Amino acid sequence: MDIYSIAVCGAGTMGAGIAQVAAAAGFPTLLFDAQPAALEKGLELIRQNLSTAVERGKIAPANMEATLARITPVNDVALCMADVIIEAIVEKMEAKTALFTALAAVNKPDTLFATNTSSLSVSAIAAGIPHPERLGGMHFFNPAPLMKLVEVVKGKQTSSETWLALHKLVERFGKTAVSAMDAPGFIVNRVARHYYLEAMQTVDEGVASIKAADRLLEAAGFRMGPFALMDLIGNDVNYAVTVSLYEAFERAPRFRPGRLQAELVAKGQLGRKTGQGFYKY
Ligand SMILES: NC(=O)c1ccc[n+]([C@@H]2O[C@H](COP(=O)([O-])OP(=O)(O)OC[C@H]3O[C@@H](n4cnc5c(N)ncnc54)[C@H](O)[C@@H]3O)[C@@H](O)[C@H]2O)c1
């Protein structure tokens, strides 16, 4: 199918990054958020990312301006019309299904829908939406403009045409598409859960400090230590993903959410985005 335009719903950490990726790849891109302040913040994040890329000589200034010019902010879901819509809102099933229902009402029946969910069932998100065969998972990694991998997820109803179109779109974005089936946490988040959970357990048992655990794991070859990474992801988002996997795997002890992270979430210390998490920013 022909894809000329993209809309991204949710202008937070991931949505802003995905909109930047789509616009940089040449697509006119709508960026929608329910909160006007979040939309402004998302646009600012994109400007900052692109300025940094210009300063580092990765892109030309004209390229930055052209990318920004392709992004149109919208604050009404009824204006969110495109050939492909990528959802990156809060990790809550009811919010995602309500959004896709609203999007289906204003878009063509063959508009493709993709969810960036980290841990919810793509099949359950698609159920109840008209033409569920046009919805699949497109799971980007953080920060989306830099991370190459995207898991392209086939839900129960996702048609092969949709799945193929999403793979091709990921490639047009300059990313690497990896096929995943609709299992809790797909591949990467399921395996990575233990990086976070075991690190928190280690600190909880007094085996290492947060800083020492991060430094050791970075020295062992990981790009980021688990605590610095949880702060980058957002402790609320990372915690929600763990809870979701814990429930999906019938409360298997290996997925039990970490006490340290639960406390930070309760205090609103969500990581970089709030200036405080495991570390202060
Ligand atoms: N943070 C990560 O590292 C990461 C990585 C991969 C996937 N994800 C997934 O991406 C999604 C978004 O995560 P995030 O970290 O960007 O979250 P975030 O909290 O940074 O941003 C979410 C944005 O969605 C907006 N929003 C919430 N409900 C909305 C609605 N009904 N309509 C429109 N906008 C709405 C909020 O105002 C906010 O700006 C989640 O599903 C998450 O699991 C996150």
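Note that the structure is predicted; figures quoted are calculated from it, not measured.

By nearness alone, 28 residues border the ligand, and Gly10, Gly12, Met14, Ala38 and Asn142 come closest of all. Those elements that place two or more of their residues in the shell around the ligand are α1 (13-24), α4 (93-106), β6 (135-140) and α10 (235-248). Looking at which element gives the most residues to the shell around the ligand, the answer is α1, with three residues. Its residues assigned to classes, the shell around the ligand shows 15 nonpolar, 11 polar and two charged. Counting the residues that make up the shell around the ligand, at least three belong to each of domain 1 (6-181) and domain 2 (193-274).

A sheet is described by the order of its strands in space; here eight strands give the open sequence β3-β2-β1-β4-β5-β6-β7-β8, paired in mixed fashion. Single-partner strands in this sheet number two, and they are β3 (71-74) and β8 (176-181). Each strand of the sheet is rotated relative to its neighbour by a mean of 25 degrees, with strand direction disregarded. Bridge count between strand β5 (residues 112-115) and β6: three bridges; the pairing is parallel. In the sheet register, Thr115 faces β6, and the bridge partner there is Gly137. Sitting on the sheet, α1 touches β1 (6-9), β2 (29-32), β3, β4 (84-87) and β6, and the angle it makes with β1 is about 170 degrees.

Attention shifts here to the packing of helix α7 (residues 188-204) against α10. Remark: α7 packs on α10, axes separated minimally by 11 Å, with the N-to-C direction vectors making an angle of 115 degrees. Where α7 crosses over α10, the two elements pack in a sense that is left-handed. Seen from α7, the contacting residues are Asn189, Arg190, Arg193, Tyr196 and Leu197; seen from α10, they are Asn238, Val241, Thr242 and Leu245. When its residues are assigned to classes, the contact of α7 with α10 shows four nonpolar, three polar and two charged.

Cut-offs applied
Residues numbered from 1 in each chain as written. Predicted model: local features only at pLDDT ≥ 70, side-chain atom pairs only at ≥ 80, totals over all residues. Near = placed C-beta within 6 Å. Helix = DSSP H or I, 4+ residues; strand = E, 2+ residues; numbered from the N terminus. Nonpolar A, V, L, I, M, F, W, Y, C, P; charged D, E, K, R; others polar. Domains from an automatic or database assignment. Pairing = 2+ DSSP bridges. Axes fitted to C-alpha atoms, helices over the stretch in contact; angles between N-to-C directions. Contact = placed C-beta atoms within 7 Å. Left-handed = near helix turned anticlockwise from the far one by under 90°.

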